[in-house]
Amino acid sequence: AAYRGLFIVIMMWLIYWADSLFKVNLHEFGVLPKRIEGIKGILFMPLIHANDDIKHILNNSPAIFFLSTLLFYSYHKIGLKVFILSWILSGLLLWIFAEDRGVYHIGMSAVIYALAGFLFMSGILRKYFPLQALSLLIVFLYGSMVWGLFPTNLRISWEGHLMGLSAGIFLAIYYRSKGPQRPKFQYEIEKELGIDPTDLEGMYNAKIRE
């Protein structure tokens, strides 16, 4: 699972290095809300980071590595689907709903918020202790991310954060019956099969009398 997260981080840094070295204005491949020329950013936005502020990519690198690794390890059957949909939905919602200020939105932050939202909400919905513990870990490590949902800094795409979180919560609800589930108790299995426990008790007692 970790190699996928590492691959994403390497791609981010290679593109950041190319943008810094050749000055090719890759920020224009970000999301430009409500404009046709900004649609391409839905695919490219997460890989592009501000080349004039290394803190942008430094903050996003460990977060995307850790969260994507948790996703692929804990939800290995649906992890790749969730990751791809988080990528696309967060960018699409940003393009549709964000205000058109003529500003490009770039960076992996929207996907990070989507994965954090999915891991947190999914653990709650499944009522399975290991995944609930994972939800608490997300809150402990990334609880401060909630402040990124408010317009406190003009350089921070709070709309991207909000759309990413919304996408993650939606995916957690949509895939709530897929992937790892809480093991069922015997009485739950019997109930699903339409077996009355009293019938089983009668059969058992009859067997003993024989």
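Right above here is the structure, for reference.
In this report, we go over the structure that sits alongside the text. Here the residue index of a chain counts from 1 through its sequence in written order. Where totals are concerned, whole chains, interfaces and linings use all residues; where local detail is concerned, this predicted model gives features only for residues with pLDDT of at least 70, and gives and counts side-chain atom pairs only at 80 or more. The side-chain numbers reported here are obtained from all heavy atoms of the structure, hydrogens and water having been left aside.

Comments concerning the layout of surface pockets
- A cavity here means a set of points on a 1 Å grid, drawn over the protein atoms and nothing else, where a 1.4 Å probe fits but cannot get out; a pocket is an open set with protein on both sides within 12 Å along at least five of seven lines, and a residue lines either one if it has an atom within 4 Å of a point. Grid points are joined across faces, edges and corners, and a volume is the space filled by probe spheres set on the points. Estimates place the volume of the largest pocket at around 970 Å³.
- Along its surface, the largest pocket is lined by 39 residues, and H56, S109, R155, I156 and S157 are the ones closest to its centre.
- Only DSSP runs of H or I with at least four residues qualify as helices, and only runs of E with at least two residues qualify as strands; both kinds are numbered from the N terminus onward. Broken down by element, the residue count for the lining of the largest pocket peaks at five residues, all from helix α3 (residues 54-74).
- Reported here for the second largest pocket is a volume of approximately 240 Å³.
- What lines the second largest pocket is a set of 13 residues, and nearest its centre among them are A116, F120, I138, Y142 and L165.
- Broken down by secondary-structure element, the contributors of at least two residues to the lining of the second largest pocket are α5 (109-126), α6 (129-142) and α7 (158-174).
- In terms of residue count, the dominant contributor to the lining of the second largest pocket is α5 (four residues).
- Looking at the lining of the second largest pocket residue by residue, the class counts come to eleven nonpolar, two polar and no charged. Gly counts as polar in this scheme, as do all residues outside two lists: the nonpolar Ala, Val, Leu, Ile, Met, Phe, Trp, Tyr, Cys and Pro, and the charged Asp, Glu, Lys and Arg.

A few points about the packing of aromatic side chains
- Here is the rule: rings of Phe, Tyr and Trp (six-membered ring for Trp) pair when centre to centre is within 6.5 Å. Planes less than 30 degrees apart are stacked, more than 60 are edge-to-face, and the remainder are tilted. Enumeration over the complete set of coordinates arrives at ten aromatic pairs.
- Centre to centre, the rings of F170 and Y174 are 6.0 Å apart; their planes meet at 25°, and the pair counts as stacked. Placement of the pair is F170 and Y174 together in helix α7, with a separation of four residues, close to one helical turn.
- A network of ring pairs unites the aromatic residues F72, F83 and W87 as a single cluster.
- Residue placement shows R4 over the ring face of F72; its charged tip is 4.9 Å from the ring centre.
- Directly above the aromatic system of F29 lies the positively charged group of K40, at a separation of 5.8 Å from the ring centroid. Both a distance and an angle decide whether a charge sits over a ring: NZ of Lys or CZ of Arg must be within 6 Å of the ring centre and within 35 degrees of the ring normal.

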